[in-house]
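Survey of secondary and tertiary structure
Chain residues, written in single-letter form:
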Amino acid sequence: RHPPHRVRPRGTMSTTGLDQLKEAERLASELVAQARAARSERMKEAKKEAEAAVLAYRQQMEQQLEAETKQMSGASGSSTTDLERQTNEAINKMRADYNSYKAEVMERLVAQTCDVDLSGSA
């Protein structure tokens, strides 16, 4: 003989399945929220790193300009007008380099930090 079957109320099976589905949805929402928070944090870090890189480059260029300016001012026979022109050209070049590198550095850092692995493995 077979053991007697337990009789379950009709709604119990579907309620358990619904509860499991709700729990899975809640967990998935938490994972997505965590991934978004991590991405946001990496974006902030990338921005800070990019700003630091740009600042370091700018300081380097300013030091180079200052050294060249000192070297030029010591040269005999160079006129003040030529020195001012060369200085302005160097400043303009430095600003152009700064602006072009800033965008590239930001773009690279953002690209690296936006590469989020959501597979759950470390």
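Residues numbered from 1 in each chain as written. Predicted model: local features only at pLDDT ≥ 70, side-chain atom pairs only at ≥ 80, totals over all residues. Heavy atoms only, no water.

Helices and strands together make up the secondary structure of the chain, namely 2 helices and 0 strands. Looking at the 122 residues of the chain, the share that counts as buried comes to 10%. A separation threshold of at least 6 residues defines the contact pool for the chain, and within that pool the share at least 24 residues apart is 80%. For the chain, the exposed surface amounts to about 10500 Å²; the carbon and sulfur share of it is 53%. (Helix = DSSP H or I, 4+ residues; strand = E, 2+ residues; numbered from the N terminus. Buried < 20%, exposed > 50% of the residue type's maximum accessible area, 1.4 Å probe, protein only. Contact = heavy atoms within 4.5 Å. Areas by Shrake-Rupley, 256 points an atom, 1.4 Å probe, with all protein chains shown as cover.)

Applying the stated rule across the entire model yields 7 salt bridges. Glutamate 89 is the salt-bridge partner of arginine 85, the closest N and O atoms lying 3.0 Å from each other. Residue arginine 85 and its partner glutamate 89 are located together in helix α2 (residues 80-113), separated by 4 residues, close to a single helical turn. Residue classification places arginine 85 among the partly exposed positions, given a relative accessible area of 40%. (Salt bridge = Lys/Arg side-chain N within 4 Å of Asp/Glu carboxyl O.)

So, on to the environment of methionine 61. With respect to the helices, strands and loops of the structure, methionine 61 is situated in helix α1 (residues 10-74). Since its relative accessible area comes to 13%, methionine 61 is described here as buried. With 37 residues separating them in the primary sequence, methionine 61 and tyrosine 98 have C-alpha atoms 8.6 Å apart.

Right, let's talk about α2 for a bit. If you check α2, its first and last C-alpha atoms are 48 Å apart, about what 34 residues at 1.5 Å a residue would give, namely 50 Å. Those residues of α2 that fall on the buried side of the exposure criterion are Thr87, Met94, Asp97, Leu109 and Thr113. (Expected span 1.5 Å × (residues − 1).)

All told, the structure shown has 1 aromatic pair when counted by the stated rule. Arranged with centres 4.7 Å apart and planes meeting at 50°, the rings of tyrosine 57 and tyrosine 101 form a pair that is tilted. Of this pair, tyrosine 57 sits in helix α1 while tyrosine 101 sits in helix α2, and the two are 44 residues apart along the sequence. Taking the relative accessible area as the measure of exposure, tyrosine 101 reaches 39% and is therefore partly exposed. Over the ring of tyrosine 98 we find arginine 58; its NZ or CZ atom is 5.2 Å from the centre of that ring. (Phe/Tyr/Trp six-rings, centres within 6.5 Å; stacked < 30°, edge-to-face > 60°. Lys NZ or Arg CZ within 6 Å of the ring centre and 35° of its normal.)

A separate point is the side chain of threonine 113. For threonine 113, the location among the structural elements is in helix α2. Within the structure, threonine 113 has its side chain in polar contact with the backbone oxygen of valine 110 (distance 3.1 Å). Not counting chain neighbours up to four residues away, the residues in contact with threonine 113 comprise Arg42, Met43 and Ala46. (Polar contact = N/O pair within 3.5 Å; in protein donor to acceptor, adjacent residues only side chain to side chain.)

Treat this as a map of the structure, not an account of what it does.
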